[in-house]
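# Geometric and topological summary
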Amino acid sequence: MSLFKARDWWSAALGEGEEFDQGCLCVGDVDNSGSGHDKVVVGSYMGMLRVFSPHSSAPGEGSSVPVEAQLLEVQLQNAIIQVELGKFVSCSDLLHLAVLHPRKLSVYSVSGTAGNVEHGDQYQLKLVYEHNLQRTACNMTYGAFGGITGHHSLCIQSMDGMLMFFEQDSYSFGRFLPGFLLPGPLIYNHRTDSFLTVSSACQLESYRYETLAVATEAESKQDPDLPLKTAGSSKRLSPDWTFVLGEVSLELSVPSFSHASSSIFVLGERNLYCFRDNGQIRFMKKLEFNPSCFLPYASVLDGMTNLLLGNHTNMLQVYQDVTLKWAAQLPFVPVVLRLANFPELKGAVISLSSDGHLLCSYMGTDPSFFSTPKVDAREADYEQVEQEMKKLQRFIREASRTQDILPKADSEEDLIITATVSSTMESPSQALIQDMDGLPVPSVSVQVTVKARSAVQASKMTIGLQSPLAVTQDHFFLEPMSVGSSTVVEFSAFLNGRFPPADLTGDITVSYSSPTELNPKGVPRVLQSVFSLPLALVCVPSSTAKNTKFKITVETNQPPVDLNAIFPEFSSKSEDKDGNSLAFQLLSGAKVTVLASKTSQRYRIQSEIFEDMWLVVQELVRRFEDHFSALGVNDFKKSFSGPLPLQDYFMSVDQHFQLRVSAQQYQDLLSERAVQFRAIQRRLLTRFKDKTPAPLQNLDTLLDATYSQVMALAEAAEENRSQLDEAFVRLRSATHFLVLLLTLWQHLSNEQSSILEATLLPLLTDTPQLGWEESCDAAVSHLLRTCLSRSPRDQAASVAQTGGSVLGLPRDTARLKKHISLLCDRIAKGGRLTLASEVHTQAPIQVQNLAAPGGVEPIAEAAGDGEELEQPPEATKFIKKKQGSKKVKKVWGMGTCV
């Protein structure tokens with residue numbers, strides 16, 4: 001931080017909401033008064049042109065534009081990109097103002113008339129001439145091009161890299177810069193009669209005016225409609241010299257004073273460069289800050305140049321070549337710096353910010369009010385420090401023992417979210433698809449009430465449903481709420497796809513800001529809630545089916561119940577009035593039949609599609625629990641006798657995997673055809689540019705055929721993508737179904753069931769970079785090596801691993817199927833799922849030497865236990881395999897080796 005501030009001599013705030021940049025300020029005797037005093041001309045991107053004659057400010061005048069200092073204010077029709085003062089009118093030695101607009105160049109004269117009353121002089125802006133540009137302008141420069149004295153010419157750089165030259169009120173010629181991509185800064189060097197710019201390749205280039213004048217005519221190459229002003233030759237344009245900067249340039253400057261007779265200054269993002277006129281570098285200064293603008297000016301020492309340099313830390317620094325001489329603090333980040341002479345002050349520094357803060361200042365010794373805080377020099381109390389250290393260590397131990405991912409809330413939530421789902425379907429339906437296979441698609445109304453316990457600012461509510469379910473509106477913007485107030489929003493949910501969903505639950509997320517005393521704007525908070533949609537939204541009652549392909553039997557320890565009582569909304573159209581059978585027809589799937597045994601507590605669920613049974617079985621189990629809980633039964637149990645339908649589940653896995661492989665093949669074919677298409681385009685473009693036409697040799701036919709192939713492949717890839725989305729939803733349904741059956745089979749707890757579901761469903765959506773197969777395989781392999789390992793030795797081998805391979809699309813699903821089968825088998829033999837950390841437990845003696853060469857021998861699986869889990873190279877390289885002894889019998893049971 002600088003010790004001194006820039007002394008504020010005069011300042012003004014230019015409008016509200018206006019923007020300014022480097023070219024929006026120029027200084028000079030714009031009204032040709034002949035007094036030698038400068039005026040300040042400012043143009044904004046909003047089209048406002050202002051002329052000031054600053055004078056010493058009285059106290060309190062710096063907050064707004066002083067009326068006495070403003071000579072002129074004109075609203076132009078177009079945005080002002082750059083303003084310059086020069087001799088732009090032929091047969092006149094007076095200074096005129098050139099204003100560059102995006103599509104127009106205007107030259108004005110500013111004149112003042114002495115007033116007859118106390119209001120002072122009157123100033124007028126008069127248009128002398130203007131040029132309508134055929135291209136969008138970026139910036140401009142001026143000078144005595146070609147060595148002509150007495151007047152100045154203008155050069156405008158367009159956004160597409162064309163240099164347009166204007167000599168007073170006439171257009172001279174235009175040239176395109178070679179290898180152009182993006183426009184850079186442009187400046188004219190009068191000493192060498194050349195133009196300097198920084199290309200998009202981050203190199204400084206110099207083009208002589210003579211070279212530009214005799215180069216190939218730009219209009220004849222790309223714009224034949226423009227009139228030809230100068231007969232161009234056939235010479236190609238090339239720079240006189242170049243220098244690779246390696247960074248983007250912010251500004252160029254060519255000083256005209258005698259002390260810098262051969263200096264070219266370039267301001268980069270990290271460095272300051274100084275070159276001679278022939279392109280040789282004089283010096284380079286590495287900057288330790290982000291510069292914003294600079295201005296070279298004359299030095300009192302011969303051979304040296306002073307520089308004003310502004311940066312993004314609100315500092316104005318004065319350099320003499322590479323030596324820092326002075327630093328002053330500014331109230332803003334300057335985007336342009338100029339020097340001016342006023343009647344009351346010579347050599348004032350004019351600075352302008354991007355939001356319109358105009359300041360005239362000078363270097364002085366106005367000290368800053370910042371004071372360094374006093375250093376506390378008292379000795380440290382070691383006993384107090386030790387007590388604090390013990391307290392912090394106790395906190396760390398408690399935090400390491402508790403493995404909660406999310407912190408517990410210290411107080412109640414600011415909002416209460418209540419979702420109410422209507423018990424009846426809407427009429428008429430709000431669904432986008434009115435019917436599927438002749439069945440009407442219903443919709444259900446959901447009402448969400450948000451009640452505030454404390455004052456909250458504007459909040460946003462987002463509704464999330466899994467595909468193919470959809471809602472009429474998924475985003476709501478809520479007004480600020482006071483204590484006790486509530487807001488109610490309503491929306492409709494419906495099926496919007498021709499396949500059944502995997503989940504009927506929805507998420508409500510409310511993001512809001514809760515203001516505090518120290519933060520009135522509010523602390524961002526997020527609150528979530530879950531609601532469930534009815535089964536009747538995706539299926540309708542139907543007649544029972546006798547012969548089906550897939551059958552599942554669920555048993556209970558209670559007497560049989562009436563299915564019509566369990567599903568009252570489906571019993572009205574049921575054919576079986578005794579309640580022993582009930583059928584559900586999915587709107588976009590197969591028919592699912594539930595049969596209750598008359599003599600036992602068994603219930604059979606059957607269907608033609610395996611995964612379509614998931615929603616019905618889930619709803620059946622949930623309603624059983626609610627029914628017996630309402631009757632006061634505390635020992636209700638449900639079970640599945642097995643075997644697990646793994647082969648039926650693996651059919652969904654294989655279908656999803658094949659579609660992923662097809663998607664990758666389509667992507668590779670599209671890349672090949674795209675490369676071929678671009679190669680044909682380049683060859684055709686070369687033929688069309690050739691001055692001596694050559695036969696196309698059927699390249700146009702090949703281009704059309706390649707284009708047709710690209711479009712056909714894109715359509716096929718899009719169709720495969722939609723099929724892949726449907727296959728993934730069906731795979732999710734099958735996985736949920738498998739987890740439910742495994743939970744009923746082995747009577748897993750809720751925690752173990754959650755771990756199993758997170759293992760088999762690690763992703764909610766597929767991505768091209770990461771898919772379900774590799775993610776699930778990694779999760780299952782981790783469980784098989786940790787809590788479901790054969791012995792503590794394998795778990796230690798897993799801990800000894802230093803990393804795993806990068807996840808990617810596997811070659812096939814054989815390894816995944818084997819691991820899932822092994823997972824189910826080990827759970828069936830007594831293995832239990834847990835995420836408890838084993839870091840602090842003592843390793844068994846038999847595995848302490850695992851990492852040493854010739855360590856322990858791996859224990860083989862018992863007969864019928866499935867194939868052995870493949871160990872990665874990182875783990876197997878520490879284990880020395882030996883021939884197992886035939887006298888030792890190894891038995892697997894309860895996760896330990898006997």
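Let us look at the structure shown here. (Residues numbered from 1 in each chain as written. Predicted model: local features only at pLDDT ≥ 70, side-chain atom pairs only at ≥ 80, totals over all residues. Heavy atoms only, no water.)

### Things to note about the overall build of the chain
Here is the rule: In DSSP terms, a helix is any run of H or I states spanning at least four residues, a strand is any run of E spanning at least two, and both are numbered starting from the N terminus. The rule is simple: take the accessible area with a 1.4 Å probe, protein chains only, and divide by the maximum for that residue type; under 20% is buried, over 50% is exposed, in between is partly exposed. Every residue pair with non-hydrogen atoms within 4.5 Å of one another is taken to be in contact. All accessible areas in this document rest on Shrake-Rupley with a 1.4 Å probe, and a residue is counted as covered only by the protein chains that are shown.
Regarding its fold elements, the chain presents 13 helices and 46 strands. Classification of the 898 residues of the chain by burial places 43% in the buried group. Sequence-distant contacts, at least 24 apart, represent 61% of the contacts inside the chain between residues at least 6 apart. Looking at the chain as shown, the accessible area adds up to about 47500 Å², and 51% of this sits on carbon and sulfur atoms.

### Here's the deal with the pattern of salt bridges
We apply this condition: Here a salt bridge means any side-chain nitrogen of Lys or Arg lying within 4 Å of a carboxyl oxygen belonging to Asp or Glu.
Enumeration according to the criterion identifies 26 salt bridges in this entry. With its nearest N and O atoms 2.7 Å apart, the salt bridge here joins R135 to D160. With R135 in the loop between β9 (122-132) and β10 (137-143) and D160 in the loop between β11 (153-158) and β12 (162-167), the pair connects residues that are 25 residues apart, well separated along the chain. The class of D160 is partly exposed, set by a relative accessible area of 35%. Note that D414 is salt-bridged to R525, the shortest N-O span being 3.6 Å. One end of the pair, D414, is in the loop between α3 (382-401) and β29 (415-421); the other, R525, is in strand β38 (residues 523-532), with 111 residues separating them in the sequence. Ionic contacts of the salt-bridge type, sharing partners, join the residues E569, E619, R622, R623 and D626 into one network.

### Topic: the sheet that holds strand β7 (residues 96-101)
We count it as follows: Each pair of strands is called paired provided DSSP finds at least two bridges between the two strands. Lines are fitted to the C-alpha atoms to define the axes, a helix being fitted only along its stretch in contact, and any angle between axes, read from their N-to-C directions, falls within 0 to 180 degrees.
Read across the open sheet, the four strands follow the order β6-β7-β8-β9; overall the sheet is antiparallel. Two strands close off the open sheet at either side, each with one partner strand: β6 (82-86) and β9. Strand-to-strand, the axes of this sheet are offset by a mean angle of 25 degrees, without reference to chain direction.

### Considerations on helix α12 (residues 814-828)
Residues lying three or four places apart along an α-helix face the same way, a consequence of the helix completing one turn every 3.6 residues. The criterion, for reference: Expected span, for any helix, means 1.5 Å times one less than how many residues it has.
In this model α12 runs 21 Å from its N-terminal to its C-terminal C-alpha over 15 residues, within 8% of the 21 Å that 1.5 Å per residue would give. All of the buried residues along α12 are L816, K818, H819, I820, L822, L823, C824, R826 and I827. Elements that come into contact with the buried residues of α12 comprise α7 (646-689), α8 (699-746), α9 (750-760) and α10 (772-785). One or two residues past the end of α12 sits G830, with phi positive at roughly 110 degrees.

### Structural notes on the sheet that holds strand β4 (residues 48-52)
Pairing within the open sheet is antiparallel, and its four strands lie in the order β2-β3-β4-β5. The two strands at the open ends of the sheet, each matched to only one other strand, are β2 (25-28) and β5 (70-75). Strand-to-strand, the axes of this sheet are offset by a mean angle of 15 degrees, without reference to chain direction. One ladder, built from five bridges, connects β4 with β5; its direction is antiparallel. Following the sheet pairing, F52 is matched in β5 by Q70.

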